[in-house]
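# Close look at the chain arrangement
Each chain, written out:
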Amino acid sequence: MSTTNVPAGASSTSKNKMPPGMVMGPDGKPCKICTAFRNWRPGTTSGIEGNERGRAGGGGHRSAAAMMAALASGTASEKTNAVARIDGPPPNCPPDVEQLGRATWTFLHTTAAYYPERPSPTQRANMLMLLRSLPVLYPCTNCADDFGEDMKTHPPDVSGRVGLSRWLCERHNEVNEKLGKERFDCAKTDERWKDGPEDGRCD
Ligand SMILES: Cc1cc2nc3c(=O)[nH]c(=O)nc-3n(C[C@H](O)[C@H](O)[C@H](O)COP(=O)(O)OP(=O)(O)OC[C@H]3O[C@@H](n4cnc5c(N)ncnc54)[C@H](O)[C@@H]3O)c2cc1C
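My aim in this report is to walk through the structure given alongside it, one point at a time. Please read all numbers here as calculations on a predicted model, not as lab measurements. (Residues numbered from 1 in each chain as written. Predicted model: local features only at pLDDT ≥ 70, side-chain atom pairs only at ≥ 80, totals over all residues. Heavy atoms only, no water.)

## What about the overall build of the protein?
When you go through the protein residue by residue, the secondary structure sums to nine helices and zero strands. Each helix (α) and strand (β) of the protein, taken in turn from the N terminus, gives the series α-α-α-α-α-α-α-α-α. A burial count over the protein gives 39% of its 203 residues as buried. Counting contacts in the protein only where the partners sit at least 6 residues apart, residues at least 24 apart contribute 53% of the total. (Helix = DSSP H or I, 4+ residues; strand = E, 2+ residues; numbered from the N terminus. Buried < 20%, exposed > 50% of the residue type's maximum accessible area, 1.4 Å probe, protein only. Contact = heavy atoms within 4.5 Å.)

In structure tokens, the structure reads:
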């Protein structure tokens, strides 16, 4: 899937009055699914509660109050996440690059967390197919291309649950770094995606 476009997450530099942050697709046209909603419709303000309901990445039960609390007193990472979620698409609208990303990471990390310790040859082969399909099929073409390049230098580790979770965490961190986000502590993938924190707040 070759592209000549601006990397997702980077600003368009074309002079034809594209909103900053608009990402171009392989056809040279603005790519909606490669772009954050706030960059597609700059100046759009939509209800916090509505966007929480519309969030695809899980945790949709979190209230607007919780997000405001995160903005007021959360860590830098919590503030970044809260801000990112306030200006996503309204409920029942197609996802933007961020909603799609959160939903996909949720699926991939959770699948890795429940992958067998000792997978059968069939399970390994299917996991490899799933991962190798992403650079071909993932609808954000820039994301897909970069992920494919990363997979060339870091082939998937499908040997077992621990290796796969670590490999995926590192790939996700590559994307985090590209987007200027904090790296995630890969020792905490089970806590985040399977067991929940020890204080029991997710039980
Ligand atoms: C394969 C792929 C490639 C992508 N490429 C791009 C791109 O090129 N440009 C672009 O704009 N967007 C891209 N995205 C989307 C981007 O990664 C984010 O999903 C999106 O920006 C929303 O980010 P977020 O801060 O809400 O949390 P996300 O990055 O979606 O993370 C969701 C949750 O996962 C947890 N988490 C974070 N990092 C890790 C980690 N390393 N390991 C385990 N758990 C973690 C955190 O709890 C976080 O809240 C891509 C998504 C995917 C699936």
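## Focus: the layout of surface pockets
Taken as a whole, the second largest pocket spans an internal volume of roughly 180 Å³. Lining of the second largest pocket is provided by K32, I33, T35, A36, F37, W40, R41, P89, C93, P94, P95 and D96. (1 Å grid on protein atoms, 1.4 Å probe; cavity = no way out; pocket = protein on both sides within 12 Å on 5 of 7 lines; lining within 4 Å. Points joined across faces, edges and corners; volume = space filled by probe spheres on them.)

## Observations concerning the packing of aromatic side chains
One pair of aromatic rings is described through two measures. These are the centre distance and the angle between the planes. This model, assessed by the stated rule, comprises two aromatic pairs. With a centroid separation of 6.3 Å and an interplanar angle of 75 degrees, the aromatic rings of W105 and F147 are classed as edge-to-face. Residue W105 is located in helix α5 (residues 97-113), and its partner F147 is located in helix α7 (residues 141-153); the two are separated by 42 residues in the primary sequence. Judged by its relative accessible area of 15%, W105 falls in the buried class. Ring geometry for F147 and W167: centres 6.4 Å apart, planes at 70 degrees, overall edge-to-face. Of this pair, F147 sits in helix α7 while W167 sits in helix α8 (residues 161-178), placing them 20 residues apart in sequence. Across the pair, W167 and F147 agree in class, each one buried. An aromatic cluster is present here, built from W105, F147 and W167 joined pairwise through their rings. Taking the ring centre of W193 as reference, the NZ or CZ of R192 above it sits at 3.9 Å. (Phe/Tyr/Trp six-rings, centres within 6.5 Å; stacked < 30°, edge-to-face > 60°. Lys NZ or Arg CZ within 6 Å of the ring centre and 35° of its normal.)

Geometric descriptors of this kind do not, in isolation, establish any biological role.
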